[in-house]
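Spelled out, the chains give:
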Amino acid sequence: MLSKAGCPKTMLSIKDAIEAIEGRWKVLILFALSEKPKRFKEISREVSGITDKTLSKELKSLEMNKLVRRDVYDTFPPTVEYSITPHGLSLEKVLDELHFWGLLHRKQVIGK
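Residues numbered from 1 in each chain as written. Predicted model: local features only at pLDDT ≥ 70, side-chain atom pairs only at ≥ 80, totals over all residues. Heavy atoms only, no water.

## Some points on the pattern of salt bridges
Line of reasoning, step 1. In this structure the tally under the stated criterion is six salt bridges.
Line of reasoning, step 2. A salt bridge links Lys38 to Glu46; the nearest nitrogen and oxygen atoms lie 3.1 Å apart.
Line of reasoning, step 3. Here the residues in one salt-bridge network are Lys26, Lys57 and Glu58, joined through shared partners. (Salt bridge = Lys/Arg side-chain N within 4 Å of Asp/Glu carboxyl O.)

Next up, the structure:
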């Protein structure tokens, strides 16, 4: 259980964390990148249902929060690859717990 000690600080840190990974897509993008670096279209195919415009916006936000790195290679045409940063990898336990909770939730709510 979360400690209520220093509640304003706890609330602020939780707010910061939620803002960094909020929304429908960011966690799925991080999960897609957790295996290996990928190009834009690879991520787009793996995260089904996301539009290119939304993926671009979410990648920029993840990059701004230092969770994803964008590398541009000097090729013709330029190759752009996205990878999860060490800071992004620090979310591994959170993603694992979210996965396990999602399995329990699905079983509880949907019954499967």
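Now, onward.
## Considerations on the pairing of strand S2 (residues 68–73)
Line of reasoning, step 1. Sheet topology note: the S2/strand S3 (residues 79–84) ladder contains six bridges and is antiparallel. Note that in S3 the partner of Arg69 across the bridge is Ser83. (Pairing = 2+ DSSP bridges. Helix = DSSP H or I, 4+ residues; strand = E, 2+ residues; numbered from the N terminus.)

## Quick word on helix H2 (residues 26–33)
Line of reasoning, step 1. Of the positions making up H2, those classed as buried are Lys26, Ile29, Leu30, Ala32 and Leu33. In an axial view of H2, the angular spread of the buried residues amounts to 160°, which keeps them on one side of the axis.
Line of reasoning, step 2. Of the surrounding secondary structure, the elements contacted by the buried residues of H2 are helix H1 (7–21), strand S1 (38–39), helix H3 (40–46), helix H4 (52–64), S2 and S3. (Buried < 20%, exposed > 50% of the residue type's maximum accessible area, 1.4 Å probe, protein only. Arc of directions from axis to C-beta. Contact = heavy atoms within 4.5 Å.)

## Brief notes about the sheet that holds S2
Line of reasoning, step 1. In space, the three strands of this open sheet follow the order S1-S3-S2, with antiparallel pairing throughout. Strands at the two margins of the open sheet, each flanked by one partner only, are S1 and S2.

## Some remarks on the packing of H2 against H4
Line of reasoning, step 1. One can describe the packing of H2 onto H4 by two numbers: an axis separation of 10 Å at closest approach and a directional angle of 75°. In terms of orientation, H2 lies roughly perpendicular with respect to H4. For the pair H2 and H4, the contacting residues are Lys26, Ile29 and Leu30 in the first and Leu55, Glu58, Leu59, Ser61 and Leu62 in the second.
Line of reasoning, step 2. Looking at the contact of H2 with H4, its residues break down into five nonpolar, one polar and two charged. (Axes fitted to C-alpha atoms, helices over the stretch in contact; angles between N-to-C directions. Parallel < 35°, antiparallel > 145°, perpendicular 65-115°, else oblique. Nonpolar A, V, L, I, M, F, W, Y, C, P; charged D, E, K, R; others polar.)

## A short note on the pairing of S3
Line of reasoning, step 1. Where burial is concerned, most of S3 is hidden: five out of the six residues are buried.
Line of reasoning, step 2. With two bridges joining them, S1 and S3 adopt antiparallel strand pairing. Paired with Lys38 across the two strands is Tyr82, which belongs to S3.
Line of reasoning, step 3. Two successive antiparallel strands, S2 and S3, enclose a turn made up of five residues.

## Points about the nonpolar core
Line of reasoning, step 1. Counting 18 residues, the largest nonpolar core has Ile29 and Ile43 as the members making the most contacts within it.
Line of reasoning, step 2. Counting residues per element, the ones that place at least two in this core are H2, H4 and S3.
Line of reasoning, step 3. Considering every element that reaches this core, the biggest residue donor is H2, with four residues. (Core = buried A, V, L, I, M, F, W, Y, C linked by side-chain atoms within 4.5 Å.)

## Some details on the environment of Tyr73
Line of reasoning, step 1. Examined against the element boundaries, Tyr73 turns out to sit in strand S2.
Line of reasoning, step 2. By relative accessible area, Tyr73 is classed as partly exposed at 38%.
Line of reasoning, step 3. Setting aside residues no more than four positions away along its own chain, Tyr73 makes contact with Pro78, Thr79 and Glu81.
Line of reasoning, step 4. Among the polar contacts listed, one links the side chain of Tyr73 to the side chain of Glu81, at a separation of 3.4 Å. (Polar contact = N/O pair within 3.5 Å; in protein donor to acceptor, adjacent residues only side chain to side chain.)

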